[in-house]
Amino acid sequence: MNIGWREHPKRWMILLIAAVCCVGIGIWLIFNRGEQPVPPPVADKQRAVEVWLTTGDQQNLLTPQKPIPITDQHDADPSSSVFSTQESDTSSSDFTIQIDPDKTYQTMDGFGAAMTGSSAHLINQLPEEQQEQLLKELFSTEGLNMDMVRHTIGASDYSVDESGAASSYTYDDIESGTDYEMEHFSIEKDQEVVNMLERVASLKSDLKVLGTPWTAPAWMKYGEKTTNGWYLDYNDPQVYEAYARYFVKYIKAYQAKGIPIYGITLQNEPGFTSDKYPSMSMGSEEQAMFIRDYLGPALQDEELDTRIIAYDHNWDQAVEYTSKVLGDEQAAAYIDGSAFHCYAGDPSAMSEVHERFPDKHIYFTECSGGEWSSGFGENLSWQMSNLIIGAPRNWAKNVLLWNIALDPQGGPTNGGCENCRGIVTINPEHDEITRNVEYYALGHISRYVRPGAVRVDSTQEQGQLENVAFRNPDGTMVLVAANMGEAEVSFDVVIDGDSFRYILPSQSAATFRWKPKTEVER
């Protein structure tokens, strides 16, 4: 038995006293730690909103702003400097945007513009290094980050040859007779566009290309054999068979170049023709018949998953036209959705079509600015309201503008609009690139809302403070907002108990991006 403690009683008493003191100090520290400030979790420090601003006076052009701290509404003091995120404003806000991330709408496919023959030619006029810089700026994370382009199947009113001269053509042009088997089919006249799209595809591996014809080959038409106007020869069923074969060959020819065709529309602006440039009419009943009896089965037989998209014209005629095409159940079985332009009517037509045919997608495929409206602030407001915000709020899965690039004269043209504006203007004489209002409007959504993002519910004040909200595939939230008025507005954004405040100048747009609480805590 160990009896050492009996031999050294004083030593053991000292050790016992020391132990008691240590325990006492520990207890004191535990009960008094609340007197010292406790640092917030690391995740809370990171909870802020990124902001990019474009103002009507052009003093800010997609300019990054100071991040806004996110406030938990349950704990916030409305008069605190944390709750008031711009300057020292402690007044109530003009509006509140309530975001409900659990109420979802359509999934977004992408944003971009059209790589017309004119656009490709102008880009090619720049020095090689400048070309590369511009393409990266348009199609990579270094700039607009566009991930969708519209492509004209054959010539449009913005098609040129290698010299830049106006050029009208299709992929099966013959001097006389017919070519039902497409023996003369060739995309050779598209070579400049093909080369440009190959370069874009190398920058954007998931690029989506939407193809649209302005006209069928002239020999397929009733009446005058011309690319400019008229319509398919409805008396000859072989024409429809050949035209379906034409689409199949187009899809395969571009796929062979490494340019997959994501979708096709049947006819650009089927309710309008012109003798000035490539065009063709196609009535709604004819379009339904062509899809039902020819094109749909042809793509199915070839096991092509390219989307068939109907209509492709202005908002004002959309309900009547799509009712007949999508209302044909056999045709609708092959149709993915319908496409819209901005030149007449308003975006609400897309919602009406969606309500009638909720299982069919909505696409927005063309709008151009021009010299008929030159004010930056007015243009920014209109484009944000009707296109960047208005199209997604009315179920559009995408937003496509018209020409990527035009010259200072609005060309080169092939008989169409003489004062339209590209998203950039290229002056080939001086190798100058000007970024237009369309560039900045598009950038407010294309840079930050990624393919696969889901639109979520948000409240808005139509005509005053308009907005649209998304949840990206990585969980980040994006809000795009625009002030249409002549005075600044303040507003609170509220989502799942979190909030932040912002003051948006008149005729201005802002994009907000942040990680919601659930994402930060993961």
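Keep in mind that what you see is a predicted model, and the values were worked out from it rather than measured.

Parameters and conventions
Residues numbered from 1 in each chain as written. Predicted model: local features only at pLDDT ≥ 70, side-chain atom pairs only at ≥ 80, totals over all residues. Heavy atoms only, no water. Axes fitted to C-alpha atoms, helices over the stretch in contact; angles between N-to-C directions. Helix = DSSP H or I, 4+ residues; strand = E, 2+ residues; numbered from the N terminus. Parallel < 35°, antiparallel > 145°, perpendicular 65-115°, else oblique. Left-handed = near helix turned anticlockwise from the far one by under 90°. Contact = heavy atoms within 4.5 Å. Nonpolar A, V, L, I, M, F, W, Y, C, P; charged D, E, K, R; others polar. Pairing = 2+ DSSP bridges. Salt bridge = Lys/Arg side-chain N within 4 Å of Asp/Glu carboxyl O. Buried < 20%, exposed > 50% of the residue type's maximum accessible area, 1.4 Å probe, protein only.

Enquirer: For the packing of helix H7 (residues 237–256) against helix H8 (residues 284–301), give the residues involved together with the corresponding values.
Expert: Direction vectors running N to C along H7 and H8 enclose 55°, while the axes themselves pass 9 Å from each other. Taken together, H7 and H8 sit at an angle that is classed as oblique. Taken as a pair, H7 and H8 cross one another with a handedness that is right-handed. Across the interface between the two elements, Pro237, Tyr240, Glu241, Tyr243, Ala244, Phe247, Val248 and Ile251 of H7 pack against Glu286, Met289, Phe290, Tyr294, Leu295, Ala298 and Leu299 of H8. Across the contact of H7 with H8, the residue classes tally to 13 nonpolar, no polar and two charged.

Enquirer: Please give an account of the sheet that holds strand S7 (residues 208–213) that cites residues and values.
Expert: Pairing is parallel across the open sheet formed by eight strands, whose spatial order is S13-S12-S11-S10-S7-S6-S5-S15. A strand with exactly one partner marks an edge of an open sheet, and here the two such strands are strand S13 (361–366) and strand S15 (398–403). If you compare each strand with its neighbour and ignore which way they point, the axes differ by 30° on average. Here strand S12 (residues 335–341) pairs with S13 via five bridges, running parallel. In the sheet register, glycine 337 faces S13, and the bridge partner there is histidine 361. Here helix H14 (residues 437–446) sits on the sheet in contact with strand S5 (110–114) and S15, set at roughly 155° to S5.

Enquirer: If you had to explain the sheet that holds strand S18 (residues 424–427) to someone new, which residues and values would you point to?
Expert: Strand order across the open sheet formed by three strands is S16-S18-S19, with mixed pairing between neighbours. Either end of the sheet is taken by a strand with one partner, and the two such strands are strand S16 (405–406) and strand S19 (432–435). Summarising the sheet, S18 and S19 pair through four bridges and their orientation is antiparallel. Residue pairing in the sheet places isoleucine 426 in a bridge with isoleucine 433 of S19.

Enquirer: Report on the pattern of salt bridges, specifying residues and quantitative values.
Expert: Within the structure shown, the criterion is met by 20 salt bridges. Between arginine 199 and glutamate 132 there is a salt bridge, with its nearest N and O atoms 2.7 Å apart. Within this pair, whereas arginine 199 is found in helix H6 (residues 191–203), its partner glutamate 132 is found in helix H5 (residues 128–139), the two being separated by 67 residues in sequence. A relative accessible area of 30% places glutamate 132 in the partly exposed class.

Enquirer: Before we move on, can you summarise the pairing of strand S20 (residues 454–458) with the specific residues and values?
Expert: Extensive coverage of S20 is indicated by the burial of five of its five residues. Bridging between strand S4 (residues 95–107) and S20 involves four bridges; their strand directions are antiparallel. Bridging from a neighbouring strand, isoleucine 99 pairs with serine 458 of S20. The pairing of S20 with strand S21 (residues 465–471) spans three bridges and is antiparallel. Across the sheet, residue valine 454 finds its bridge partner in S21, namely arginine 471. Between the end of S20 and the start of S21, which pair antiparallel, lie six residues, with glycine 463 showing a positive phi angle near 80°.

Geometric values such as these leave the question of function open.
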